[in-house]
Amino acid sequence: MNESNRLLLSGDEAIALAARHAGVALGAGYPGTPSTEILEYFHELGGHAQWSPNEKVALEVTIGAAFGGARALCTMKHVGLNVASDPLFTAAYTGVTGALIVVSADDPGMASSQNEQDNRRYAVAAGLPMLEPSDSQEAYDFMFAAIELSERWKIPVLFRVTTRVCHSYTVVRPRQTDSAPKPPSFERDVLGRVMIPAYARPAHRRLRQKLTEMQEWNEHCELNRIVQGGQSLGIITSGISFMHVREAAPDARVLKLGFTHPLPLKKIAQFVKSVGRCLVIEEGDPYLVEAIRAEGIPVEGKADQYRFGELDVARVRRILNNDLSPEPAKPPGKPPQLCDACQYRIVFEALRKKDCIVAGDIGCYTLGVLQPFEAMDSCVCMGASLGVGLGLRHVLPPDQARRVVSVIGDSTFVHSGISGLVEMVYNPPPNGHVLIILDNSTTAMTGHQEHPGTGRTLSHEPTGKVVIEDLARSLGIRRVHVIEPRFGSDEFDRLLTDCLESGELAVIIARRPCILVVNQLKKYEEQRCECNAAQAAAPAPG
Amino acid sequence: MTKVTNIVVAGLGGQGVLKGTDILADVALRAGYDVKKSEIKGMSQRGGSVTGDVRFGKQVFSPMVPAGEADFLLVLEPTQVKPQRHMLRPGGVLITPDAVRADQLPNKRTLNVALLGVLSAHLPMAEDQWLAALREGFAGSFFEGNQKAFLIGRKGQREEVQSLKSNDQSPMTKARDSGETA
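Conventions adopted
Residues numbered from 1 in each chain as written. Chains lettered and ligands numbered in written order. Predicted model: local features only at pLDDT ≥ 70, side-chain atom pairs only at ≥ 80, totals over all residues. Helix = DSSP H or I, 4+ residues; strand = E, 2+ residues; numbered from the N terminus. Rg over C-alpha atoms; globule rule 2.2 N^0.38 Å. Buried ≥ 20, exposed ≤ 12 C-beta atoms within 10 Å, placed from the backbone. Contact = placed C-beta atoms within 7 Å. Expected span 1.5 Å × (residues − 1). Nonpolar A, V, L, I, M, F, W, Y, C, P; charged D, E, K, R; others polar. Pairing = 2+ DSSP bridges. pLDDT = per-residue confidence, 0-100. Core = buried A, V, L, I, M, F, W, Y, C linked by C-beta atoms within 7 Å. Domains from an automatic or database assignment.

A. Spatial organisation of the overall build of chain A. When helices and strands are tallied, chain A shows 21 helices and 18 strands. Since a compact globule built from 542 residues should have a radius of gyration of about 24 Å, the 25 Å found for chain A is in line with a globular shape. Across its three principal directions, the C-alpha atoms of chain A cover 75 × 70 × 55 Å. Put simply, chain A has 542 residues, and 53% of those count as buried. Sequence separation of at least 24 residues holds for 75% of the intrachain contacts in chain A that already meet a minimum separation of 6.

B. Representation of helix H1 (residues 17-30) of chain B. Residues and elements named next belong to chain B. In this model H1 runs 20 Å from its N-terminal to its C-terminal C-alpha over 14 residues, within 8% of the 20 Å that 1.5 Å per residue would give. Burial of H1 is extensive: 13 of the 14 residues sit out of reach of the surface. One or two residues past the end of H1 sits Gly32, with phi positive at roughly 90°.

C. Fine view of the environment of Ala31 of chain B. All names here are of chain B. Looking at the element boundaries, Ala31 is found in the loop between H1 and strand E2 (34-39). C-alpha of Ala31 to C-alpha of Ala114: the two residues are 83 residues apart in sequence and 20 Å apart in space. Look past the residues within four positions of Ala31 in its chain and what remains in contact with it is Met125 and Gln129.

D. Molecular detail of the interface of chain A and chain B. In this complex, chain A contributes 30 residues to the contact, which on the side of chain B involves 31 residues. Contributions of two or more residues to the side of chain A that touches chain B are made by strand E8 (169-172), helix H11 (241-248) and helix H14 (313-320) of chain A. It is H11 of chain A that contributes the most residues to the side of chain A that touches chain B, four residues altogether. Here the residues of the side of chain A that touches chain B sort into 15 nonpolar, eight polar and seven charged. Pairing of E8 of chain A with E2 of chain B involves two bridges; the strand directions are antiparallel. Counted as the bridge partner of Tyr169 of chain A is Lys37 of chain B from E2 of chain B.

E. Expanded view of the confidence of the model for chain B. Residue and element names in this part refer to chain B. Averaged over all residues, the pLDDT of chain B equals 86, while 83% of them reach at least 70. When the elements of chain B are averaged for pLDDT, helix H6 (residues 173-181) gives the smallest value, 38, and strand E4 (residues 70-75) the largest, 98. Every residue in residues 168-182 scores below 50 in pLDDT, and together they form 25 contacts with partners more than four places removed in sequence or on other chains. We note a pTM of 0.94 for the whole complex and an ipTM of 0.90 for its interfaces.

F. Quick look at the nonpolar core. With 148 residues, the main nonpolar core has Ala72, Ile101, Val103 and Met143 of chain A together with Leu115 of chain B as its most contacted residues. Counting residues domain by domain, this core receives three or more from each of domain 1 (7-182 + 201-218) and domain 2 (225-320) of chain A. Excluding residues within four positions of it along the chain, Ala72 of chain A makes contact with Val24, Ala25, Leu26, Thr62, Ala65, Ala66, Gly98, Ala99 and Leu100 of chain A. Residues Val347, Leu367, Ile468 and Phe492 of chain A belong to the second largest nonpolar core, which totals 59 residues.

G. Region of interest: the sheet that holds strand E12 (residues 259-261) of chain A. Residue and element names in this part refer to chain A. On the basis of which strands lie adjacent, the open sheet formed by seven strands has the order E3-E2-E4-E5-E7-E6-E12 and mixed pairing. Sheet topology places strand E3 (49-51) and E12 at the edges, where each strand pairs with a single neighbour. With two bridges joining them, strand E6 (residues 130-131) and strand E7 (residues 157-162) adopt parallel strand pairing. In the sheet register, Leu131 faces E7, and the bridge partner there is Phe159.

Encoded structure:
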């Protein structure tokens, strides 16, 4: 065995390595746990990786790349696919010319998410082929398979992973690669890509035809495999659940599905016949069990209590034993909190003191809901602080409405707060509204990624910058304030009071770089200045 | 089949839990084992509880150590013993900060590596494999201090194991008790 050829990689890293080895020309996404490291590692390996303002734009950029004949990779967390679902559904109709792999990183158990939706449902709803690796080696291998599928059937592939696949490190043996992609080149295909109703109707029929073909092909696909074992117990499983199953039931016969939409139902029926009792073990929604039962194949599923949270070896043992007793509660650990020197502390102290009704958003600052602040009243999804705050302002009695404030971070604002700001200008509540943008010059919660408001690319190179205050002013908002909140000063409190009492639309940008990366950010800024100076010194282009 | 060795490392964000599991997993890889490492790090930089699981052996399936099956529980922060205690199997070894003398460490940030040193005395991997993993894990000047911390933990533990063996006592009883009361 060649030891030097064994790498210990996370699932995210394995996806990136395979993308690099397979000649993926462009990776785009928006940071989100547990998907963030894919594009970062792809960049480290020399790949062309970009952060987009949000997942919808990222998917559109990669659809374009795949229309151009390139191999493209789009990455996001599960809730990001909600944002990107509009292009996703129609890209299933248009198909692609090169390859398009859409990674959905789901978070069962919500280690760092606002819900635990099961995105396998998207494969069914949009009509897309779906692959589900169960460790890093499969994440690596399945990427090649996904690209082959995508190019063969000219269709985007949903690559569905979960937190424990993304963030677990397992051994990977990379393959010798020689699958050089064709160089991108534009081929006109108006009927295939311009989805006016007349062209979309046949496109839908083409999609269903592709799915029928893929289902037949999947019956013999090596991405689904059988682990031989005793005949008394058979288990059908996929993804990380496979690993728990192998440990909890080492003697069972296992059908391990890797290509999970459209399902190889004949293979499944055959497997079920070969065993006495057949159990489906899957994390999250009863996706597999429902699809299999709909074919009239008799299988057992898990009890409803195991739909919540992630599975592990102990829970799989309980499912196998049909144990419905209450599960032991995990002893509580120490909850995270805002850093001691975080500027957001000043903001949330002020909001609490004023008894504001706070429509919050997604990021570090969501921790403002916890002690000692307890100064957040809602957190729904990326960008929702604006719409939710405005809705509250419209219907609440004036004494309450005047206390409503929307709070959003800089990266989240660029992601999907801008359209909320447009709403604020377009449908202003009678007593105005106050928006606080917490600008720490980074996407802090996911591990300090760049975004269009930082003026730096994914690789921290200077680029065009969205200046939030200029954007707000350009919409005609008169009260736009930029302030650096300081401990021991009541400046922020006074500004907040002024804005709340004005009855007008106001935007307060509380700006101070995140203390965890302040030195790093200074370095980037210096580079940016040097770069600007060098440009100024260079002779003007003729 | 050789038994899988299960290790859980626990602490608070910023203590180097994940660095510790990185090095531990790397050592196991170098020693030729199948190895898996699992971590939950979404909130790790905000001072919350952080744990990392490392499992190694001939073949490892689940990346997560099942509750009550950890052979070793390495805790960097005394308050985290209670919430993680249930991970340890009966007779499993608890390693807490008391296992090393803090005043001997080059600086307090090397506690994670010093406790890895303590752990290393119980594991089959060779010292040069550990040092190679440390060299890989720590850039330039950081390596020296961490190597020193590692050796302090490793040497101290070896002596303790020796002396306790002669007293016919379970090697980690002392550390476990001190962890409980901390």
